[in-house]
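Commentary on secondary and tertiary structure
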Amino acid sequence: MRVRQTVLDCPEPRRLAEFYRQLLGWSYRPGDEPPAPGSPDPRGDDWLVLRGDGGDPGLAFQKVEGLPRSTWPSQAVPQQLHLDIAVGTREELDAEHEHVLALGGHLVLDRTDDDEEPLRVYADPAGHPFCLFVGAD
């Protein structure tokens, strides 16, 4: 057995898939690419898949109505799942901070003053928390 992908529930699969595609530099599974401008999006309203390079597990995006945003660190609406995304250096961490914000993510927690594992926790546009940290492979 192996994990093929992580599935994120969201109200707008195309919007969230585009956020992670641009953040991670991944590609759509063949057939899931966005349509030409002005054309209807036959795949973007229910289920989309992104694939990473090198055999990494992918991310899938499944449409749901009424998804409550996580309130983490409060437990009123827990995370239930979050992604850990590593970069190689502190400089990359700082550069990606601006990238995440420009793509529509927002900062939830800044722990960049931790010398052993500097990290930031963000929420993606649908409210899913994810960690971006400096870490070795």
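Keep in mind the model is a prediction, meaning the values are calculated, not measured. (Residues numbered from 1 in each chain as written. Predicted model: local features only at pLDDT ≥ 70, side-chain atom pairs only at ≥ 80, totals over all residues. Heavy atoms only, no water.)

Attention now moves to the sheet that holds strand β5 (residues 83-87). Taken in spatial order, the four strands of this open sheet run β5-β8-β7-β6, and their pairing is mixed. Of all the strands in the sheet, the pair left with one neighbour each is β5 and β6 (106-111). On average, adjacent strands in this sheet sit at an angle of 20° to one another, irrespective of strand direction. Direction of pairing for β6 relative to strand β7 (residues 119-123): antiparallel, over a ladder of five bridges. The residue bridging Arg111 from the neighbouring strand is Leu119, located in β7. (Pairing = 2+ DSSP bridges. Helix = DSSP H or I, 4+ residues; strand = E, 2+ residues; numbered from the N terminus. Axes fitted to C-alpha atoms, helices over the stretch in contact; angles between N-to-C directions.)

With that settled, consider unusual backbone geometry. In the segment running from Trp72 into Pro73, the intervening peptide bond is cis, with an omega of 15°. By secondary structure assignment, the location of Pro73 is in the loop between β4 (58-63) and β5.

Every second residue of β5 is oriented toward a common face, the buried set being Leu83, Ile85 and Val87 and the non-buried set Asp84 and Ala86. With five bridges connecting them, β5 and strand β8 (residues 129-134) associate as parallel partners. Across the sheet, residue Ile85 finds its bridge partner in β8, namely Leu132. (Buried < 20%, exposed > 50% of the residue type's maximum accessible area, 1.4 Å probe, protein only.)

Summed over the entire model, instances satisfying the criterion amount to zero disulfides. We note that Cys10 lacks a disulfide partner, and the nearest cysteine sulfur, in Cys131, lies 19 Å from it. Its relative accessible area of 0% is what places Cys10 among the buried residues. For Cys131, a relative accessible area of 12% translates into the label buried. (Disulfide = S-S within 2.5 Å.)

The next subject is the packing of aromatic side chains. Scanning the entire structure with this criterion turns up five aromatic pairs. Ring geometry for Tyr20 and Phe61: centres 6.1 Å apart, planes at 25°, overall stacked. Residue Tyr20 is found in helix α1 (residues 13-24), and its partner Phe61 is found in strand β4; the two are separated by 41 residues along the sequence. With respect to class, Tyr20 is no different from Phe61; both count as buried. Grouping aromatic residues by their ring pairs yields a cluster made of Phe19, Tyr20, Phe61, Tyr122 and Phe130. When the ring centre of Tyr28 is taken as origin, the NZ or CZ atom of Arg14, which lies over that ring, is 5.0 Å away. (Phe/Tyr/Trp six-rings, centres within 6.5 Å; stacked < 30°, edge-to-face > 60°. Lys NZ or Arg CZ within 6 Å of the ring centre and 35° of its normal.)

The subject of this paragraph is the sheet that holds strand β3 (residues 47-51). Spatial strand order, β1-β4-β3-β2: four strands in an open sheet with mixed pairing. The open sheet has two edge strands with one neighbour each: β1 (5-10) and β2 (27-28). Across four bridges, β3 lies against β4 in antiparallel orientation. Residue Trp47 lies in a different strand from β4, and its bridge partner there is Gln62. Those strands touched by α1 are β1, β2, β3 and β4, and its axis lies near 160° from that of β4. (Contact = heavy atoms within 4.5 Å.)

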